[in-house]
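# Analysis of the macromolecular model
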Amino acid sequence: MTETVATEHSVVDFWFDPTCPFAWATSRWMLEVEKVRSVKTNWHVMSLAVLNEGRDELPEDYKAHLKTAWGPVRVLIKAAQEHDDDVIGKLYTAMGTLIHQEKVQDRDEVVRRALEIVGLPANLADVAHTDEVDDALRVSHSEGISRVGQDVGTPIVAFNGTAFFGPVITRVPKGELAGELFDASVTLASYPHFFEIKRSRTESPVTEL
């Protein structure tokens, strides 16, 4: 039997915007990977609103979406500041379930209900419509984006320190299949001269898990 490339030392750093369905699908894959491989996922916040600042050519409906995307990421940053980084993954799961599975459109409702689900103080929601934590949000965002460049989206995933935009998946593999996809990702990341694989996407993420 050959030794798996995903060793007990595997570490994944994952940057996400909770409103992004692609990041959601990939993040749920990482939770499946943790069931079958010895790996620790560290969750970090990035922002599609920050990423797309100044891009006037965007469609109007996407611009409207970006205006509502500030609240959840601000609350995630504030929660980590007042508690610890471990709350980021838990709060992301709560927000993402409401956004992508329950299809809750009101971001204030998403924030309020997610805080309640995780057991965090309701007053953390107060930061959603202020710029109080925007400097810290931009730092977290830049830590991810600086590893891959500006011409990307979410998620940004670093495998043992080597970061890529993606993997972009539309279905969440389970069990050993999730582990095999992770092994392949680690293998690609381990080669210092590998940069990208891409093909046209023919479907949107299936977020109802």
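Every value quoted in this text rests on a predicted model; they were computed, and no experiment measured them.

Here we come to the layout of surface pockets. The volume enclosed by the largest pocket comes to roughly 1,700 Å³. Around the largest pocket, the lining is made up of 46 residues, and of these F165, G166, P167, V168 and I197 lie nearest the centre. Elements with a minimum of two residues in the lining of the largest pocket: helix 1 (21–36), helix 2 (48–51), helix 3 (60–68), strand 4 (162–165) and helix 8 (175–190). Take the lining of the largest pocket: its biggest share by element is 5 residues, from helix 8. Each residue belonging to the lining of the largest pocket can be placed in one class, and the counts come to 25 nonpolar, 12 polar and 9 charged. For the second largest pocket, the calculated volume is near 230 Å³. Around the second largest pocket sit L31, E34, K40, T41, N42, W43, H44, D85, D86, G89, K90 and T93, which together line it.

Moving on to the packing of helix 3 against helix 4 (residues 70–82). Interaxial distance between helix 3 and helix 4 falls to 5 Å at its minimum, and their mutual angle equals 30 degrees. Considered as vectors, helix 3 and helix 4 are oriented roughly parallel to each other. Between helix 3, through L66, K67 and T68, and helix 4, the contact on the second element is made entirely by W70, G71 and P72. In terms of residue class, the contact of helix 3 with helix 4 is made up of 3 nonpolar, 2 polar and 1 charged.

With mixed pairing, the 4 strands of this open sheet are ordered in space as 2-1-3-4. Each end of this open sheet is capped by a strand with a single partner; those strands are strand 2 (39–45) and strand 4. Strand-to-strand twist of the sheet, defined as the mean angle between neighbouring strand axes without regard to direction, takes the value 20 degrees. Across the sheet, helix 5 (residues 86–101) lies against strand 1 (10–16) and strand 2, angled at about 75 degrees from strand 2, the strand it touches most.

Rules behind the numbers
Residues numbered from 1 in each chain as written. Predicted model: local features only at pLDDT ≥ 70, side-chain atom pairs only at ≥ 80, totals over all residues. Heavy atoms only, no water. 1 Å grid on protein atoms, 1.4 Å probe; cavity = no way out; pocket = protein on both sides within 12 Å on 5 of 7 lines; lining within 4 Å. Points joined across faces, edges and corners; volume = space filled by probe spheres on them. Helix = DSSP H or I, 4+ residues; strand = E, 2+ residues; numbered from the N terminus. Nonpolar A, V, L, I, M, F, W, Y, C, P; charged D, E, K, R; others polar. Axes fitted to C-alpha atoms, helices over the stretch in contact; angles between N-to-C directions. Parallel < 35°, antiparallel > 145°, perpendicular 65-115°, else oblique. Contact = heavy atoms within 4.5 Å. Pairing = 2+ DSSP bridges.

Any functional reading would require information that these geometric values do not contain.
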